[in-house]
Each structure stands twice: as C-alpha cells, then as structure tokens.
Amino acid sequence: MSTSRMEEVWDIIIDTSAAADSVETSQELYRQWAPDYDQDNVDVHYNGPKLSALKIAQLFGENKDVLILDAGAGTGLVGKELQNLGFTNLEALDGSQEMLDVANQKGIYKRSMCSLLGPIRLDIDSGYYDCVVCIGSVAANHANAGCLPELIRITKSGGYVFIATREDNVPNSGYDGKSWDDWLKIHEDNGLWKKVEIRRVEDWIADVHGGMMYMYQVM
Ligand SMILES: C[S@@+](CC[C@H](N)C(=O)[O-])C[C@H]1O[C@@H](n2cnc3c(N)ncnc32)[C@H](O)[C@@H]1O
C-alpha cells in the first residue's frame, strides 16, 4: 500500500467516527467504503476481529453450535474469524446494506439484517442469542451506550455480550449525558448483567492503536 493510500485509509477511519457529525453521515462513509474496506483493513493491520474471535472462543470451549449475532458486522471480518475457529451458527446485523452485501458474498452468516443499533427496539425476540458480539462499531457517530439495553435483551440469560473497539473510541461512546463506563456499571447495578472481564489489548490496529474488550454475562 502506498503511503498516500495509507494516509487516506487513516482519514477514512477517523472520518467515520470523529469527523462524521451523525450516524447518518458515518453510514454514508461506510456505503462508499464497503468495496475497499477489507483490503484497506488488511493493509493497516486491523487485528481487532481476530483478537476478538479468539477471546470469544474462550467463552465457549468446545461448544461451536452456539448462536451468535455479529452486531455491526460490516463486511464480516469478525464472522470470518469465528468461522475459522469452527463456529457455524452466525447471524449478522449492520446499519449499512452495502457493508452487508460484501459480507453476504462470503457464506458466513445464516441470516443478515440491516438495522441500526441504538435505543430503539430491534426486530429480534428477547433471549434469542447465546452471544452478541459488537466489534469496532462502538464509536462516535456509530453505536453508543444507548444500544446496550437492546444487546442485553436479545441475549439469553447466561449468555454473553462481547463488545470491543479501538480504545480512543471509548470516551466518545457515552449516551444521554453518561459515559460508556457509567452505563456498564448502571446495567450491572440494575442486575441486567455481570462483568466477566474488561481487557486492554495493545495491538488492535498494527501495534500502535490499542483496543478495549468488554465481556459481560447476561443475568
Ligand atoms: C469499523 S466497522 C466494523 C465492522 C466489523 N465489525 C469489523 O470489525 O470489521 C463499523 C460498522 O458498524 C456499522 N455501524 C455503525 N454505526 C452503526 C449503528 N448505529 N447501527 C448499526 N451498525 C452501525 C457500520 O455500518 C460499519 O459496518
């Protein structure tokens, strides 16, 4: 990848969160980025999907039949890593049909749904999934803490919600005047979920941008 393309990709990564002024604007950027998203992320060494899938696999041991929703699935990079680890029962949800169109060509997901994550009810039954994962999709002008009650609702009691994102997205992912971390604790104090682990990883993108992983078990 040329240095100038690398710089362009970084501009896109930053623009989709920081410079976009709304979810609608960032969705427009993903609509345009969809055809190049996979190669660009190979080129910048985006390790988040693989690191996340390895961690998710630890939650389930040999049980590979669990039903997992990849929320904010994009082009399916996380689903692909889960599939490589033997998981077969995968569904996808994303706000961008163009990103899902790329994912749908890969034969990873049994079902894909185009829908926005937020403080709005998803058309999914309560307690439907063994695990809901949301990787790289929590950021400014993306999904924020306002989507957590829905992610919890659609997860079975005893199932897991696994969220991970670049660490500099976390301060911009609060909702309704409270921070991301505030909401994690509010839902724990309200008995909706309990913390399994919060972990920082050094090499979310190449070895220069850290990431945060949040693993919670639904009560
Ligand atoms: C950086 S990409 C991550 C995709 C994939 N999980 C990965 O790690 O490659 C962010 C994705 O989140 C989606 N997204 C952003 N905000 C969203 C929202 N509020 N609801 C649903 N999807 C959203 C975008 O359309 C995009 O596909």
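This is a predicted model, so every value here is computed, not measured.

So, about the site of the ligand. With respect to spatial proximity, 22 residues lie near the ligand, and among them G74, G95, S96, G136 and S137 are the closest. Within the residue set of the shell around the ligand, elements represented by two or more residues are α2 (23–43), α3 (48–60) and α4 (77–84). Residues that form the shell around the ligand fall into these classes: 11 nonpolar, 10 polar and one charged.

Turning our attention to the environment of L93. Tracing the chain through its elements places L93 in strand β2 (residues 90–94). Separated by 18 residues in the primary sequence, L93 and R111 place their C-alpha atoms 8.5 Å from one another. In contact with L93, not counting residues within four places along its chain, are L69, A71, A73, M113 and S115.

Packing of α2 against helix α5 (residues 97–104) leaves a shortest axis separation of 7 Å and a crossing angle of 20 degrees. Between α2 and α5, the crossing angle belongs to the class labelled roughly parallel. On the side of α2, the interface is formed by Y30, R31, A34 and Y37, while α5 contributes E98, M99, D101 and V102. Along the lines of polarity and charge, the residues of the contact of α2 with α5 split into five nonpolar, no polar and three charged.

In this section: the UniProt feature "domain: Methyltransferase type" (unreviewed entry) in the chain. In the numbering used here, UniProt assigns the feature "domain: Methyltransferase type" (unreviewed entry) to residues 69–163. Here residues 69–163 is 23% helix and 29% strand, with 12 Å between the C-alpha atoms at its ends.

Calculation rules
- Residues numbered from 1 in each chain as written.
- Predicted model: local features only at pLDDT ≥ 70, side-chain atom pairs only at ≥ 80, totals over all residues.
- Near = placed C-beta within 6 Å.
- Helix = DSSP H or I, 4+ residues; strand = E, 2+ residues; numbered from the N terminus.
- Nonpolar A, V, L, I, M, F, W, Y, C, P; charged D, E, K, R; others polar.
- Contact = placed C-beta atoms within 7 Å.
- Axes fitted to C-alpha atoms, helices over the stretch in contact; angles between N-to-C directions.
- Parallel < 35°, antiparallel > 145°, perpendicular 65-115°, else oblique.
- UniProt positions renumbered as here; feature names shortened; annotations may be inferred.

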